[in-house]
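# Fold and contact review
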Amino acid sequence: RMLRWSWRLGYLSAIAGIVYMGYGVYQDRHPEPQVEPDPSKKTLVILGTGWGSVSLLKQLDTENYNVIVISPRNYFLFTPLLPSCTTGTIEHRSIMEPVRTILRQKKASVKFYEAEASSIDPERKVVRIFDNSEIRGDITETEVPYDMLVVGVGAENATFGIPGVREHSCFLKEIGDAQKIRKRIMDCVETAAFKDQSPEEINRLLHMVVVGGGPTGVEFAGELQDFFEEDIKKLVPDISDRFRVTLIEALPNVLPMFSKQLIEYTESTFKEEKINIHTKTMVKKVTDKAVEAEMTHPDGKKETVVFPYGLLVWATGNAVRPVVKDLMGRIPAQKDSRRGLAVNEYLVVQGTRDIWAVGDCAVAGYAPTAQVASQEGSFLARLFNNMAKTEALEEKISHLSSTLNLQPGNSAAVSREIEGYERQLRRVKNAKPFNYSHQGSLAYIGSDKAVADVTWFNGNVAAAGSLTYIFWRSAYISMCFSTRNRLLVINDWLKSKVFGRDLSRE
Ligand code: FAD
Ligand code: NAI
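Residues numbered from 1 in each chain as written. Chains lettered and ligands numbered in written order. Predicted model: local features only at pLDDT ≥ 70, side-chain atom pairs only at ≥ 80, totals over all residues.

Per an unreviewed UniProt entry, the protein chain goes by NADH:ubiquinone reductase (non-electrogenic) and derives from Chaetomidium leptoderma. According to its UniProt record, the protein chain has this under Sequence similarities (unreviewed entry): "Belongs to the NADH dehydrogenase family." (UniProt positions renumbered as here; feature names shortened; annotations may be inferred.)

Right, here's the structure in full:
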């Protein structure tokens, strides 16, 4: 009987889940009419549509401000699954969410300009923007004034000025990068399979080199080896014994942010997967067909090694964007900051009063991750919602106080009302500074295995292997931006498992 009841309960919760999801989808498709922004309110300009800015937008009460969003990208990108797009395990549109859909869900309408901010003038309080898309109108450049500004423009790829990197390698930050890599893998395979190709050339073309042993490089190398083992090897068997993946890292080990035990697990899994790892190897130069690196041997001796390659993926971390560098140059208090905009504990850009920064372009003492950026965005939303409430309460109190002497008969009631507002005001004004809560680090390492350093009841749990991979999948599914994204990602995973990845080069 107990069993029957638990089955019934199971069915009921499944039905409730589907109904809830269906209602959410219906609401998204039939949104309520939006309130027009009130011109007397402050103009809040938000730069970027990444993790920081979108998490701010999601929780911001937009009716309190005139909100303007500016970004060259009219979508949000779920970066944790970007490495899976390079091999077609996941299709790129499954991890993109149009910003127009996100903004349409807000109570008060928000303006969006697809443009890049080229400079910010903190004296005049204006942002200079330009349209760098393929289709341009009469106006391609203009200025947007702000009362409050949030900079969430992320970071660009670090190359450390190493010659040849920009010209010859692929990066892995944007959706276009993943598409370029996917195309190039298949181009290398088809060119290697070309009639009468020499053995040396086949070896070069099928050598996939990844520079940077951080999580981006490791996850990409794992995805690439999966693609080869599960699909390329079966469909192009004649050249399959030449396919090699090499990961080059300047430090003594890969994944420095993970615990020692997980680093060792990753390195031994890569060995089993036949991914070559060269640690203590610093790339110094890149040409169109080879990478030149300096390798340090255990006895301290240095040697120059050359790695011929077909595909080169450069994943050596972040660098400051020009618009951020320019802003830092205009603020004297930022003169000692090197890695981005130094912010205080409320994420206010130091040396300013009305500019805030979130995510990879802000230096708040945390790693440049999606986890940090999204918590910073949520913090700012709460802060701005509170600021609006504070102003409204202060206005009410001042209005009631001014009427107090005019209504002597009613003064006790008015005083009580004022006291109530003052209590509320004390509560909202008591905003705590930003406090990052680390949920842990997760990374996919190929062959259906993942590593995880997770925070659990104030302690740390290190886990690795296939079960961790299931956890990795469930965690990323639950973190996807929307129900649509979740369904598309699940569908892509199933599709590539059942039918294999699509080898078409388009
Ligand atoms: P972004 O998300 O990069 O967004 C920046 C936004 O600003 C974009 O919309 C961009 O178009 C816009 N922009 C750029 N220039 C301008 C300009 N001049 N004017 C206006 N707008 C501009 N972190 C994790 O925690 N977990 C993970 O699993 C994880 N996986 C990752 C996988 C990959 C492949 C990569 C590359 C990163 C990964 N990260 C992960 C890191 C994470 O993606 C970043 O830390 C996060 O995106 C930072 O958020 P952000 O809002 O600062 O910047
Ligand atoms: P990273 O900064 O974490 O790693 C880059 C690596 O490249 C470093 O280990 C560095 O030593 C190496 N390197 C630099 N120059 C080199 C050279 N010339 N030759 C050889 N090696 C060189 O960069 P990554 O992986 O792009 O990550 C950026 C941020 O995004 C990090 O904060 C990371 O935590 C986050 N991220 C998190 C993921 C996850 O949690 N699963 C996945 C991807 C990124």
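Following the structure, the description resumes.
## Description of the overall build of the protein chain
Across its full length, the protein chain carries 14 helices and 24 strands. In terms of overall dimensions, the protein chain has C-alpha extents of about 100 × 75 × 50 Å along its principal axes. Of all 506 residues assigned to the protein chain, the portion counted as buried reaches 35%. Considering only contacts in the protein chain between residues 6 or more positions apart, those separated by 24 or more positions represent 65%. (Helix = DSSP H or I, 4+ residues; strand = E, 2+ residues; numbered from the N terminus. Buried ≥ 20, exposed ≤ 12 C-beta atoms within 10 Å, placed from the backbone. Contact = placed C-beta atoms within 7 Å.)

## Some points on the site of ligand 2
What surrounds ligand 2 is a group of 27 residues, the closest being Gly212, Gly214, Pro215, Thr216 and Gly317. Those elements that provide at least two residues to the shell around ligand 2 are helix H8 (215-235), strand E14 (281-286) and strand E22 (440-446). Looking at the shell around ligand 2, the element that brings in the most residues is H8, giving four residues. No fewer than three residues from each of domain 1 (31-155 + 320-382) and domain 2 (165-318 + 437-499) sit in the shell around ligand 2. (Near = placed C-beta within 6 Å. Domains from an automatic or database assignment.)

## Here's the deal with the domain arrangement of the protein chain
By convention, interface size is frequently given as the accessible area that disappears when the constituent parts associate. Entries for the protein chain in the domain assignment read domain 1 (31-155 + 320-382), domain 2 (165-318 + 437-499) and domain 3 (389-428). Summarising the inter-unit geometry, the C-alpha centres of domain 1 and domain 2 are found 30 Å apart. Each side of the interface is counted separately: domain 1 has 26 residues, and domain 2 has 25 residues. Elements represented by at least two residues in the side of domain 1 that touches domain 2 include exactly strand E3 (75-77), helix H3 (82-85), strand E4 (96-98) and helix H11 (370-404). Among the elements that line the side of domain 1 that touches domain 2, the one with the most residues is H3, at four residues. Taken together, the residues of the side of domain 1 that touches domain 2 sort by class into 14 nonpolar, nine polar and three charged. (Nonpolar A, V, L, I, M, F, W, Y, C, P; charged D, E, K, R; others polar.)

## Thoughts on the sheet that holds E22
Each strand in a sheet pairs with another by means of backbone hydrogen bonds, the pair being arranged parallel or else antiparallel. The sheet built from three strands is open, its strands ordered E22-E23-E24 with antiparallel pairing. Lying at the two open borders of the sheet, with one neighbouring strand each, are E22 and strand E24 (459-465). Neighbour to neighbour, the strand axes of the sheet diverge by 10° on average, direction disregarded. Contacts from helix H13 (residues 466-479) reach E22, strand E23 (449-456) and E24 within the one sheet, and its direction differs from that of E23 by about 70°. (Pairing = 2+ DSSP bridges. Axes fitted to C-alpha atoms, helices over the stretch in contact; angles between N-to-C directions.)

## Let's talk about the site of ligand 1
Gly48, Gly50, Gly154, Gly359 and Thr369 are the nearest of the 33 residues found near ligand 1. At the level of secondary structure, the elements contributing two or more residues to the shell around ligand 1 comprise helix H2 (51-59), strand E2 (66-71), H3, strand E6 (116-121) and H11. Each residue belonging to the shell around ligand 1 can be placed in one class, and the counts come to 15 nonpolar, 13 polar and five charged. Split by domain, the shell around ligand 1 shows at least three residues from each of two domains, domain 1 (31-155 + 320-382) and domain 2 (165-318 + 437-499).

## Considerations on the UniProt feature "domain: FAD/NAD(P)-binding" (unreviewed entry) in the protein chain
Within the UniProt annotation, "domain: FAD/NAD(P)-binding" (unreviewed entry) is assigned to residues 43-377. This span, residues 43-377, is 30% helix and 27% strand, and a straight line between its end C-alpha atoms measures 18 Å.

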